[in-house]
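# Survey of secondary and tertiary structure
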Amino acid sequence: MTVQLDEKVAPIYQEVLARNPGEVEFHQAVREVLESLGPVLSKYPEFRDYKIIERICEPERQIIFRVPWQDDQNRVHINRGFRVEFNSALGPYKGGLRFHPSVYLGIIKFLGFEQIFKNALTGMPIGGGKGGSDFDPKGKSDAEIMRFCQSYMTELYRHIGEHTDVPAGDIGVGGREIGYMFGQYKRITNRYESGVLTGKGLGWGGSLARTEATGYGATFFVEEMLKARGDSLDGKTCTVSGSGNVAIYAIEKINQLGGKVVACSDSNGVIFHEKGIDLDLLKQLKEVERRRVKDYVTYHSDAVYTENGNIWDVPCQVAFPCATQNELNGKDAATLVKNGCIAVSEGANMPTTPEGVMVFLDAKIAYGPAKAANAGGVATSALEMQQNASRDSWTFAHTEKRLHEIMVNIHKNAAETAEEFGTPGNLVNGANIAGFMKVAKAMLAMGLV
């Protein structure tokens, strides 16, 4: 079941479908925002007159390019590179780079579109963009990854800059890849422009707490949602999908706040450990040895690994989808609610399908949509940019404190906006409208550009 679009926004959505055929993830992301905006256009007719929504739905710039590279056997490979610079009304384009075989223009556009509103919600002066490639880093040597990253940056460098567009990491792009790309950018431009990429190494312009930020932020957000209901994470049983950067640091912060994570996953299967996931082991397997989660049971015989299992079948009180888009469908959402789930915080981008979202909203559980709940990563990227601009370096405690304040403010803003527009407790509407309003007012102020 889908929500009926308001008559003021329905034609805009039809136009998006016609202009962007085949880009299903982008269509989904646009529709999800438009479902919230009917009352906004009633209250602010000037947004209709100046076609603000139509302009937001059309990226300012879409760059697609060839990325040729050689493997260790000297075989030539061709990948496709993307950077979609979506909206710069609030600041330079900001958003990650994703290296994964599933990447195509529709995925990059959905991520870039979400990024506009997520970045607006942080309160930081950053616009929205996204990029990446259909390159698969899995199983590649460091030398192959370096050659690919250098080839990718040889084209990308001409489109980015600390006042123009500031990429970061995403799926398949961590500190290693950022390092290779920054080295190539520096080599080509002959400038040590620290603020051009975020997610850098700590010894050369990176920010403490950046690695932890998305997972920590999603956990801070759920704590705020529970606090609003007179509850907390303390003593709660949790499941966290994924086992990458976001999942690992969500688990770390859940543990610190008194929760217990009993399950995590990767693309091959699910680990269930009733005693609680051994975080040190998970970090060793995933961050150091780059192994699969099935190897976890070698070290803990009381843990259970299910090949191609569904993590949402594991009963929990709080769920953290932290893997990828559309990983949690309507059936999964119904299972979670039936098993006693009281809160969901999205660490990944758009991890719940529209049917799943409806189940959570109908059940009136605390549901934190991605553009609010996982904004901690990009917020801390903006804090990294601040440190680079002032040639400064902050302590972990200071950066984490700023991150916590930002997440508290995002929750407050989304909750108050939901209330103002007649849907109290609906943080989907609250986040969509609050993010949109900020961008729309800036676009209005700047004229027709």
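For the structure itself, consult the block above.
A brief look at the structure comes next. (Residues numbered from 1 in each chain as written. Predicted model: local features only at pLDDT ≥ 70, side-chain atom pairs only at ≥ 80, totals over all residues. Heavy atoms only, no water.)

### What to know about helix 7 (residues 175-189)
Given a rise of 1.5 Å per residue, 15 residues ought to cover 21 Å, and the 21 Å separating the end C-alpha atoms of helix 7 matches this to within 8%. Glu177, Ile178, Met181, Phe182, Gln184, Tyr185 and Thr189 are the residues of helix 7 that are buried. Projected down its long axis, helix 7 shows its buried positions confined to an angular sector of 165°, all on one face. At its buried positions, helix 7 is contacted by strand 3 (93-99), helix 6 (142-156) and strand 5 (165-169). Phi turns positive, to about 60°, at Asn190, one or two residues after helix 7. (Helix = DSSP H or I, 4+ residues; strand = E, 2+ residues; numbered from the N terminus. Expected span 1.5 Å × (residues − 1). Buried < 20%, exposed > 50% of the residue type's maximum accessible area, 1.4 Å probe, protein only. Arc of directions from axis to C-beta. Contact = heavy atoms within 4.5 Å.)

### Some thoughts on the state of the cysteines
Throughout the structure, instances matching the rule amount to zero disulfides. Free of any disulfide, Cys264 has its nearest neighbouring cysteine sulfur in Cys322, separated by 11 Å. (Disulfide = S-S within 2.5 Å.)

### Considerations on empty space enclosed by the protein
If you roll a probe as big as a water molecule over the atoms, it shows you where there is empty space left. For the structure on display, the rule yields one cavity of 30 Å³ or more. There is about 40 Å³ of room inside the largest cavity. Val33, Leu34, Leu37, Ile53, Ile56, Cys57, Phe113, Phe117 and Phe436 are the residues that line the largest cavity. Within the residue set of the lining of the largest cavity, elements represented by two or more residues are helix 2 (24-43), helix 4 (52-57) and helix 5 (105-121). The residue inventory of the lining of the largest cavity, partitioned by class, reads nine nonpolar, no polar and no charged. (1 Å grid on protein atoms, 1.4 Å probe; cavity = no way out; pocket = protein on both sides within 12 Å on 5 of 7 lines; lining within 4 Å. Points joined across faces, edges and corners; volume = space filled by probe spheres on them. Nonpolar A, V, L, I, M, F, W, Y, C, P; charged D, E, K, R; others polar.)

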